[in-house]
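Descriptive analysis of the structure
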Amino acid sequence: TSFYSDTTAQAARETNIALRFIEALENDDWSQFPGEPYTVGFLKNYAEYLKLNDEELILENSAALPVMMAAKLKARFSAKGLLDDPRYRLGMAAV
């Protein structure tokens, strides 16, 4: 095992954040998160664990969060065939 995998596994244990989410945070892979509130919560907890300023970290990543969450939502709607449903068309047009 590498130092990186050992330390991310330790961080996951100590923060109670699943390892896949720790790795997603490290790789700026916002598509892995179930929703923006979870993402912000994980960012806050992980920043505190790393002794970083959680507000600065959230602010630094805030521009990427809505875009990634919107893209993930659009993919879910598309997979379910809901993008063709007129009830959802207006709201998803901006995505």
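Attention in this report is confined to the structure presented alongside it. (Residues numbered from 1 in each chain as written. Predicted model: local features only at pLDDT ≥ 70, side-chain atom pairs only at ≥ 80, totals over all residues. Heavy atoms only, no water.)

1. As for the packing of aromatic side chains
In plain terms, the rule: Stacked, tilted and edge-to-face are the three classes assigned to paired rings of Phe, Tyr and Trp, where Trp is represented by its six-membered ring and a pair needs centres within 6.5 Å; plane angles under 30 degrees give stacked, over 60 edge-to-face, the rest tilted. In this description a helix means any DSSP run of H or I spanning at least four residues, a strand means any run of E spanning at least two, and both kinds are numbered starting from the N terminus. In this scheme, a residue with accessible area under 20% of its type's maximum is buried, one over 50% is exposed, and one in between is partly exposed, where area comes from a 1.4 Å probe on protein chains only.
Tallied over the entire structure, the rule returns 5 aromatic pairs. Note on Phe-21 and Phe-33: the rings are 5.2 Å apart at their centroids and 20° apart in plane angle, and the pair reads as stacked. Taken as a pair, Phe-21 in helix H2 (residues 19–26) and Phe-33 in the loop between H2 and helix H3 (36–49) lie far apart in primary sequence, 12 residues in all. Taking the relative accessible area as the measure of exposure, Phe-33 reaches 0% and is therefore buried. Each ring, one from Trp-30 and one from Phe-33, has its centre 6.0 Å from the other, and the planes form 35°; the classification is tilted. Here Trp-30 matches Phe-33 in class, with each residue buried.

2. Some points on the packing of H2 against H3
The criterion, for reference: Here the axes come from fitting lines to C-alpha atoms, over the contacting stretch only for helices, and the angles between their N-to-C directions go from 0 to 180 degrees. In these notes the angle categories are as follows: under 35 degrees is roughly parallel, over 145 is roughly antiparallel, 65 to 115 is roughly perpendicular, and the rest is oblique. For this analysis, residues touch if any pair of their heavy atoms sits within 4.5 Å. Side-chain classes follow a simple rule in which Ala, Val, Leu, Ile, Met, Phe, Trp, Tyr, Cys and Pro form the nonpolar group, Asp, Glu, Lys and Arg form the charged group, and the remainder, Gly included, forms the polar group.
One can describe the packing of H2 onto H3 by two numbers: an axis separation of 11 Å at closest approach and a directional angle of 85°. One way to sum up the angle between H2 and H3 is to call them roughly perpendicular. Of H3, the residues touching H2 (which contributes Phe-21, Ile-22, Leu-25 and Glu-26) are Phe-42, Leu-43 and Tyr-46. Tallied by class, the residues present in the contact of H2 with H3 amount to 6 nonpolar, no polar and 1 charged.

3. With respect to the side chain of Thr-8
Mapping Thr-8 onto the fold places it in helix H1 (residues 3–15). Residue classification places Thr-8 among the buried positions, given a relative accessible area of 2%. Contacts of Thr-8, omitting those with residues within four sequence positions, involve Leu-19, Ile-22 and Glu-23.

4. Side note on the pattern of salt bridges
Test applied: The working definition used for a salt bridge is a side-chain nitrogen of Lys or Arg within 4 Å of a carboxyl oxygen of Asp or Glu.
The final tally for this structure, using the stated rule, is 2 salt bridges. The partner of Lys-44 in a salt bridge is Glu-48, and the shortest N-O contact between them spans 3.2 Å. Here Lys-44 pairs with Glu-48, and both are found in helix H3, just 4 residues apart, close to one helical turn. Under the relative-accessibility criterion, Lys-44 is labelled partly exposed at 35%. A relative accessible area of 41% means that Glu-48 is categorised as partly exposed. In this structure, Asp-54 engages Lys-44 in a salt bridge whose closest nitrogen and oxygen atoms are separated by 2.8 Å. With Asp-54 in helix H4 (residues 54–61) and Lys-44 in helix H3, this pair connects stretches of sequence that are 10 residues apart. Here the salt bridges share partners, and the residues they tie into one network are Lys-44, Glu-48 and Asp-54.

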